[in-house]
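Each chain is listed here by its residues.
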Amino acid sequence: MEVLTDIAAVRAFVGPRRRAGERVGFVPTMGFLHDGHLSLMRAARSEAGAGVVIASIFVNPTQFGPNEDFTRYPRDEAGDLAKCRDAGCDAVFLPPVSVMYPEGHRTTIHVDALTGPLCGASRPGHFDGVCTVVAKLFGIVGCDVALFGEKDYQQLAVLRQMTRDLDLPVEVVGHPIVREPDGLAMSSRNVYLSADERAQALTLSRGLAAARAAWATGERHARVLEAAALAVVRTAPLADVDYIEVRDARDLGPVDTAARDVVLALAVRFGRTRLIDNTVLRV
Ligand code: PAF
C-alpha cells in the first residue's frame with residue numbers, strides 16, 4: 001500500500017491505472033478509523049466494483065467551527081495506515097494542511113437549502129468546509145466512485161447535490177450505518193465518551209427504534225414520531241438534545257405527515273461530545 005502526501009504523487013499513482021481501464025474507488029475520511037470506515041473501503045471493491053481503492057485521511061480544519069473539536073480530534077496515523085492496509089486499500093492520501101489549503105486559497109463551495117436545517121443550523125459553515133474539501137479531493141484523486149457512510153445522512157445528501165450541480169464525474173455511493181453490538185452508531189468521536197455518557201448514548205439508537213416501531217404501526221405524523229424518539233432520549237439525564245427531526249428523505253424539506261420516505265435524524269450532546277444518528281422510514 002502506497003502512502004502519498006502530495007498531489008503529484010496521487011496523480012502519478014492513479015493516472016496509469018485509470019488509463020489502463022481500472023475503476024478507481026475513493027473513501028475520504030478524517031482518520032481514527034473504525035469499522036464503519038473499513039466497511040466503506042471493503043465495499044469500494046466488493047460492491048462498487050473498484051479495481052483500485054484509495055482512502056484519504058485528512059482532519060479538515062475548514063469544517064470545524066471556532067469552538068469545535070478540531071485540535072483535540074482523535075488522531076492515530078500508524079494505526080489508521082495498518083487498518084487501511086488490512087481493509088485492502090491500494091493507497092492512502094495523507095496530505096498536510098499546506099497541501100490542501102496552500103497560502104492564497106480563496107474558493108469555498110456552498111450548497112444551498114440542503115445545508116440549512118439539522119446540522120447546518122447548529123454548525124454554520126460546516127458543510128461549506130465539507131463540500132470544499134471533498135470537491136478538492138475528487139479533483140486530486142480523479143476517482144470514479146466515492147463512498148460515504150449514511151450516519152452523516154445530511155452530508156451524503158449535500159455531497160450528492162454538489163456532485164450533480166458541479167457535473168463532477170463521480171458516482172457518490174452511500175453505505176449503511178455500522179453499529180456497535182449494543183446499537184451505538186460507530187463514530188470516531190465515541191472515544192470522547194465517559195463510561196456514563198457511553199451507556200446513556202444508547203438512548204439514541206433506542207429512540208430511533210421507538211420511532212421505527214411507531215412507524216411500523218402506521219404512524220405518519222412527524223411530530224409524533226419525533227416525540228417517540230425524544231421520550232427515550234430524555235430518559236438519559238446527560239443528554240442535551242440539539243435536534244430530533246423528521247425530514248423528507250430526498251431533499252431534507254420539512255414534513256408534517258409523511259407521504260413518502262422520510263429520515264428521522266438526531267444530534268445530541270453528551271458532555272462535550274456531539275453525536276448524530278438517523279434512520280430512514282420508508283413508505
Ligand atoms: O465524513 C467525514 O469524515 C468528513 O466530513 C469528510 C467527508 C472526510 C470530509 O472531510
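Presented here is a report on the structure given in the accompanying data block. Since this is a predicted model, take the numbers as computed values, not measurements.

## Quick notes on the packing of aromatic side chains
- On inspection of all chains with the given rule, the structure shows five aromatic pairs.
- An aromatic cluster is built from Phe26, Phe138 and Phe148, whose rings are joined through pairwise contacts.
- One residue, Arg75, lies across the ring of Phe70, its end atom 5.3 Å from the ring centre.
- Between Arg220 and the ring centre of Trp215, over which it is positioned, the NZ or CZ distance is 3.7 Å.

## Things to note about the sheet that holds strand E3 (residues 52-57)
- The strand order across the open sheet formed by six strands is E1-E4-E3-E2-E5-E6, and the pairing between neighbours is parallel. With one partner strand each, in any of the chains shown, strand E1 (2-4) and strand E6 (171-175) form the two edges of the open sheet. With direction set aside, neighbouring strand axes in the sheet form an average angle of 25°.
- Where E1 lies against strand E4 (residues 91-93), three bridges are found, and the strand directions are parallel. In the strand pairing of E4, Leu4 is matched with Phe93.
- Most of the contacts of helix H3 (residues 77-86) go to E3, to which it runs at about 165°, and overall it touches E1, E3 and E4.
- In this fold helix H6 (residues 126-141) packs onto strand E2 (24-29), E3, E4, strand E5 (145-149) and E6, with an angle of close to 145° to the strand it touches most, E2.

## Regarding unusual backbone geometry
- Even without being glycine, Ala113 reaches a positive phi, approximately 65°.
- Along the polypeptide, Ala113 turns up in the loop between helix H4 (97-100) and helix H5 (119-122).
- Positive phi, normally seen in glycine, also occurs at Asp167, with a value near 55°.
- Locating Asp167 in the fold gives a position in the loop between helix H7 (153-165) and E6.

Conventions adopted
Residues numbered from 1 in each chain as written. Predicted model: local features only at pLDDT ≥ 70, side-chain atom pairs only at ≥ 80, totals over all residues. Heavy atoms only, no water. Phe/Tyr/Trp six-rings, centres within 6.5 Å; stacked < 30°, edge-to-face > 60°. Lys NZ or Arg CZ within 6 Å of the ring centre and 35° of its normal. Pairing = 2+ DSSP bridges. Helix = DSSP H or I, 4+ residues; strand = E, 2+ residues; numbered from the N terminus. Axes fitted to C-alpha atoms, helices over the stretch in contact; angles between N-to-C directions. Contact = heavy atoms within 4.5 Å.

Any functional reading would require information that these geometric values do not contain.
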